[in-house]
Amino acid sequence: MKKILSLVLASAMVASTLAGCGSTKTAETQAPTTQAPAETKAPEGSEAAPAETAAAAGTIEDGAKLVYWPMWAETEPQGQAISEAIEAFTDSTGVEVEVNWAGSRDTRKTLEPALSAGETVDVFDEDIERVNGTWGKYLLDIQSMYDASPLNGAQNATLIELAKQQGGGTLKSVPYQPSTFIMFYNKDAFTKAGITAVPTTWDEFLADCEALKGAGVIPMTVDDAYMACLFGFLMDRVAGSDTTEAVAAGDFGNEAVLKTAQVLEELTTKGYIDPRAAGNVYPQGQSNIADGSVAMYLNGSWLPNEVKNQTPEDFKWGAFSLPQIAEGGDGAESNQYGAQCFAINKDTKYPNAAFALIQWLTSGEWDQKLADASMGVPMDNDATWPAALADAKAVLDSTTHRLNWAVGMENDTNVNAAIKTNMAMMISGSVNAQQFADAFAKIQKGS
């Protein structure tokens with residue numbers, strides 16, 4: 001008989017709720033807090049070992065062998081941590097796991113054909129929207145398995161609820177590596193400029209930009225990978241998420257476009273956006289944060305990890321949420337957050353073993369090790385966030401309104417392309433706000 005996987009998970013959690021959200025609508029939520037790390041597994045043979053993995057579905061199937069398609073390459077920090085975790089999982093359960101280390105770019109191209117052809121793929125992972133949307137028809141409903149497992153009540157409730165909503169009202173995936181998208185900054189640059197607190201109004205933000213400029217530090221940057229995100233967030237602060245999503249969906253002549261372009265024009269003409277950003281190709285923008293020449297970059301909680309080999313050991317990361325810009329716009333309570341997630345193929349022969357693997361990877365010791373390896377965010381409520389993301393955690397904890405990725409501005413390739421082209425031209429001084437809005441109004445809808 002295969003050994004039954006046992007976990008020791010703390011039950012303490014901060015309750016949080018999340019209202020309904022879809023592909024083009026936002027949701028209300030309050031993100032939970034996290035605490036100290038917990039042990040993953042009880043000692044071998046311990047009588048104190050609590051609930052069994054996949055209790056709702058029974059024990060791990062005899063002879064179970066799994067095929068897992070990860071989104072990571074084996075050489076990436078996440079891939080290295082997952083590889084180590086899977087080896088420990090096999091040692092504990094006897095379940096062999098074959099891993100297809102394709103890496104995220106290949107997975108996005110090859111997973112759909114493999115699933116459609118009936119190729120053996122038991123577990124896979126990717127972005128929460130992509131897994132539940134693009135590949136949703138292949139997913140096993142795991143709600144009852146999750147509810148009966150030790151994961152229930154021990155993980156970030158906000159992300160679990162988001163996964164449930166993305167799954168059409170039932171849980172079809174388990175999130176991991178949560179992320180949030182906010183303004184990251186170099187604390188030493190703020191200190192050099194005499195800034196003692198993060199801005200809570202737009203006037204304060206502009207004043208801080210002026211102080212940074214006066215101290216010889218370029219206030220902020222962007223590159224081609226995140227221009228649409230910056231534009232979407234600025235419009236959200238100008239006109240609110242509903243208007244921003246409507247513009248992204250085709251209301252290209254909305255007055256919010258001109259108002260947002262005027263905000264961008266002010267930032268560029270005053271020298272608050274790095275002029276090099278007009279030609280920045282990812283990851284140049286974040287490299288300029290790492291080298292200390294730029295103070296701020298609207299980016300994701302993965303940023304400190306992506307530049308950790310470029311920043312000095314004593315680099316001090318800060319983060320804050322952009323304040324409201326105009327009446328009717330959203331404020332600091334509105335932010336984008338999401339996660340990667342694991343899912344099980346509905347055609348798997350070993351659903352219990354597959355769920356056991358997911359539980360192993362998203363709780364306790366291995367959830368913490370994955371977060372530590374990638375300077376990322378854990379799912380377990382009893383895990384510890386990395387020091388570089390302490391401010392980001394505070395922002396997430398105070399978020400009550402979830403924004404979609406780029407507030408919709410990357411949903412249509414033509415919209416995304418128009419933003420990149422015209423923002424680059426504005427940063428270089430080739431167009432003004434009105435010309436930006438006029439060009440935007442001419443976008444041809446359709447991706």
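Refer to the preceding data block for the structure.
Overview of the structure. (Residues numbered from 1 in each chain as written. Predicted model: local features only at pLDDT ≥ 70, side-chain atom pairs only at ≥ 80, totals over all residues. Heavy atoms only, no water.)

**Details of the overall build of the protein chain**
When its secondary structure is counted, the protein chain shows 17 helices and ten strands. Burial statistics for the protein chain: of 447 residues in total, 55% are counted as buried. For the protein chain, the accessible surface area stands at approximately 17,300 Å², while carbon and sulfur atoms represent 48% of it. (Helix = DSSP H or I, 4+ residues; strand = E, 2+ residues; numbered from the N terminus. Buried < 20%, exposed > 50% of the residue type's maximum accessible area, 1.4 Å probe, protein only. Areas by Shrake-Rupley, 256 points an atom, 1.4 Å probe, with all protein chains shown as cover.)

**Here's the deal with the packing of helix H1 (residues 77-93) against helix H14 (residues 364-374)**
Contact geometry of H1 with H14 gives a least axis separation of 8 Å together with a crossing angle of 155°. Taken together, the axes of H1 and H14 are roughly antiparallel relative to one another. Seen along the crossing, H1 lies across H14 with a hand that is right-handed. Two secondary-structure elements touch here, H1 through Pro77, Gln78, Ala81, Ile82, Glu84, Ala85 and Ala88 and H14 through Trp366, Lys369, Leu370, Ala373 and Ser374. Residue composition of the contact of H1 with H14, by class: eight nonpolar, two polar and two charged. (Axes fitted to C-alpha atoms, helices over the stretch in contact; angles between N-to-C directions. Parallel < 35°, antiparallel > 145°, perpendicular 65-115°, else oblique. Left-handed = near helix turned anticlockwise from the far one by under 90°. Contact = heavy atoms within 4.5 Å. Nonpolar A, V, L, I, M, F, W, Y, C, P; charged D, E, K, R; others polar.)

**Brief notes about the side chain of Asn335**
Within the secondary structure, Asn335 is located in strand S9 (residues 334-344). One polar contact links Asn335 to Ser321, side chain to side chain, over a distance of 2.8 Å. Beyond its immediate sequence surroundings of up to four residues, Asn335 is in contact with Thr180, Phe181, Ile182, Arg237, Ser321, Val395, Thr399, His401, Arg402 and Leu403. (Polar contact = N/O pair within 3.5 Å; in protein donor to acceptor, adjacent residues only side chain to side chain.)

**Examining the environment of Lys349**
Along the polypeptide, Lys349 turns up in the loop between S9 and helix H13 (351-361). Residue classification places Lys349 among the exposed residues on the basis of a relative accessible area of 69%. Remark: the alpha-carbon pair of Lys349 and Leu66, spanning 283 residues in sequence, is separated by 8.9 Å. Aside from chain neighbours lying at most four places away, what touches Lys349 is Glu61 and Asp122.

**So, helix H7 (residues 202-214)**
With 13 residues, H7 should cover 18 Å at 1.5 Å per step; its first-to-last C-alpha distance of 18 Å lies within 8% of that length. Just downstream of H7, Gly216 is the residue with a positive phi angle, here 85°. (Expected span 1.5 Å × (residues − 1).)

**Observations regarding the pairing of strand S3 (residues 96-99)**
Side-chain positions along a regular strand alternate between the two faces of the sheet. In terms of strand pairing, strand S2 (residues 65-69) meets S3 through four bridges, oriented parallel. From the neighbouring strand, Val67 faces S3, where its bridge partner is Glu98. (Pairing = 2+ DSSP bridges.)

**Some words on the pairing of strand S7 (residues 294-300)**
Among the seven residues of S7, seven are classified as buried, and the element is accordingly described as predominantly covered. Sheet topology places strand S5 (residues 174-186) next to S7; five bridges connect them, and they run antiparallel. Across the sheet, Tyr185 pairs through a bridge with Met296, a residue of S7. Pairing analysis gives three bridges linking strand S6 (residues 218-221) to S7, with the strands arranged parallel. Each residue of the ladder has a partner; that of Thr221, found in S7, is Tyr297.

**A closer look at the packing of aromatic side chains**
Applying the stated criterion to the full structure yields 21 aromatic pairs. With a centroid separation of 6.0 Å and 85° between ring planes, the pair formed by Tyr226 and Tyr297 is classed as edge-to-face. Here the residue Tyr226 occupies a position in the loop between S6 and helix H8 (227-239), and Tyr297 occupies one in strand S7, the gap between them amounting to 71 residues. The exposure class assigned to Tyr226 is buried, which follows from its relative accessible area of 8%. For Tyr297, a relative accessible area of 0% corresponds to the buried category. Feature note: the residues Phe181, Tyr226, Phe233, Tyr282, Tyr297, Trp302 and Trp405 constitute an aromatic cluster, connected by ring pairs. A cation over an aromatic ring shows up here: Lys393 above the ring of Trp385, its NZ or CZ 5.9 Å from the ring centre. A cation over a ring is seen here: Arg402 above Tyr337, with NZ or CZ 5.5 Å from the ring centre. (Phe/Tyr/Trp six-rings, centres within 6.5 Å; stacked < 30°, edge-to-face > 60°. Lys NZ or Arg CZ within 6 Å of the ring centre and 35° of its normal.)

**Quick notes on the packing of helix H10 (residues 255-269) against helix H16 (residues 413-427)**
Packing of H10 against H16 brings their axes to within 9 Å, and their N-to-C directions diverge by 35°. The handedness of the crossing between H10 and H16 is right-handed. For the pair formed by H10 and H16, the contact residues are Ala261, Leu264, Glu265 and Thr268 on the first element and Met423, Met426 and Ile427 on the second. In terms of residue class, the contact of H10 with H16 is made up of five nonpolar, one polar and one charged.

**Observations concerning the nonpolar core**
Core analysis: the biggest nonpolar cluster contains 133 residues, and Phe124, Phe205, Phe231, Leu267, Met296, Met409 and Phe440 have the highest contact counts within it. Of the residues forming this core, the biggest block, nine residues, is contributed by H8. There are two domains that each give this core at least three residues, and those are domain 1 (65-179 + 338-390) and domain 2 (181-336 + 401-441). Not counting chain neighbours up to four residues away, the residues in contact with Met409 comprise Ala228, Phe231, Gly232, Met235, Thr244, Val247, Ala248, Val415, Asn416, Ile419 and Phe440. (Core = buried A, V, L, I, M, F, W, Y, C linked by side-chain atoms within 4.5 Å. Domains from an automatic or database assignment.)

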